[in-house]
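# Structural characterization, general
Chain residues, written in single-letter form:
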Amino acid sequence: MEPLRIGVLGAARISVAAIVGAAQLTGARLVAVAARDHARASAFAAEHGVERVLASYADVLADPEVEAVYNPLANGLHGPWNLAALAAGKHVLTEKPSASNADEAREVRDAAARSGLVFMEAFHYLYHPVAQRILDVAGSGEIGELHHVEVHMEIPSPPDGDLRWSLPLAGGGLMDVGCYGLHLLRVLGRVAGGAPHVTGAAGREHARHRGVDEWLRAELAFPGGATGVVHSSMAADEVRMTAHLVGSRGELSAANFAVPGRDDRIRVTAGGSEREERPGLRPSYAYQLEAFTAAVRDGVPVPTDADDAVATAELIDECYRAAGFAPRPRSAPVG
């Protein structure tokens, strides 16, 4: 298979693991990068083997050698540059969430549908064997009928000037980390009678950033009667990315479902016994890039497509409203 030729928008920290490391493991080519700070883009390219440094994001989209774009920009810039990349005829792998709010996500979905291009939202955890085992066990009946799901997505506070605290750039804990928990609950709807809906939420606004959630707790319910809670925080004492499923006959716990390459432990308690599974520490980003490449080269469908992105954005907006926040505003494209 011909290596996928990727252009990178920006030199964000997440790019090192999410696309540089994944490209090294899968054989993809990073042919171009641009950043608002040209010197930063040059340093990024030199350190990580990107073939060319271009002057702007628009130049990356115009480059005929770039066939796919990776968008790791600030949340508020996902939607505008995803739309621009699709308009330029490029396949898109975008960091999550794909847009600032559900209305913008629908616009991106419609543009992707018109284009016929591959659009993939980077909920990388879903492509890892840990996620597959969670779904397999939950759907097998081993722990019985699903009753409750508890997810913690918590990290220590970023610096005060971090873009994740910017409301104009669609910042907030739910956008940054909590969306993983909401996505997992949506996926578990496959074994819980359908997609969950929000029944209540509460959160705390950052003291110096109006409208931006420092933490948010969302309560959800599934059509089949099960309940779920997502704890989202960018003000925690330590990193915690756990999922705990309680069924009528047992339980399942995942130590780090969101970044399973760091900790792949799954513990299943059922039928009077307990076992630990270790599906593997290969990075979820590598599995994700392989799935994206297969979609571009062979038309293999991806589960985190533009329709899936809209459903997640709708649930995020629903949580914000229930907790007394407004959905994130749209941003103008810059860079």
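Higher on the page you've got the structure.
The structure reproduced in this document is the subject of the present report.

How each quantity is defined
Residues numbered from 1 in each chain as written. Predicted model: local features only at pLDDT ≥ 70, side-chain atom pairs only at ≥ 80, totals over all residues. Heavy atoms only, no water. Pairing = 2+ DSSP bridges. Helix = DSSP H or I, 4+ residues; strand = E, 2+ residues; numbered from the N terminus. Axes fitted to C-alpha atoms, helices over the stretch in contact; angles between N-to-C directions. Contact = heavy atoms within 4.5 Å. Phe/Tyr/Trp six-rings, centres within 6.5 Å; stacked < 30°, edge-to-face > 60°. Buried < 20%, exposed > 50% of the residue type's maximum accessible area, 1.4 Å probe, protein only.

Let us now look at the sheet that holds strand 8 (residues 209-221). Whether parallel or antiparallel, the strands of a sheet pair through hydrogen bonds between backbone atoms. What the eight strands build is an open sheet, ordered 7-8-9-6-10-11-12-13; its pairing is mixed. Across the chains shown, the open sheet's two edge strands, defined by having one partner strand only, are strand 7 (197-206) and strand 13 (273-277). Strand-to-strand twist of the sheet, defined as the mean angle between neighbouring strand axes without regard to direction, takes the value 15 degrees. Direction of pairing for strand 10 (residues 240-247) relative to strand 11 (residues 250-254): antiparallel, over a ladder of four bridges. Considered in strand 11, the bridge of V246 is made with E251. Along the sheet, helix 7 (residues 173-188) contacts strand 6 (146-154), strand 8, strand 9 (227-233) and strand 10; its crossing angle with strand 9, the most-contacted strand, is approximately 160 degrees. Docked against the sheet, helix 9 (residues 306-322) engages strand 7 and strand 8, running at close to 65 degrees with respect to strand 7.

Note on aromatic pairs: each is described by the distance of the centres and the angle between the planes. Under the definition given, this model contains six aromatic pairs. Judged by centre distance (5.3 Å) and plane angle (90 degrees), the rings of Y57 and W81 are edge-to-face. One end of the pair, Y57, is in helix 3 (residues 57-62); the other, W81, is in helix 4 (residues 75-87), and 24 residues separate them in sequence. By the burial criterion, Y57 is buried, and W81 matches it. Centroid distance F123 to Y180: 5.5 Å. Interplanar angle 90 degrees. Geometry classified as edge-to-face. You can see F123 sitting in the loop between strand 5 (119-121) and helix 6 (129-140) and its partner Y180 sitting in helix 7, a full 57 residues away along the chain. Note on F123: relative accessible area 0%, which makes it buried.

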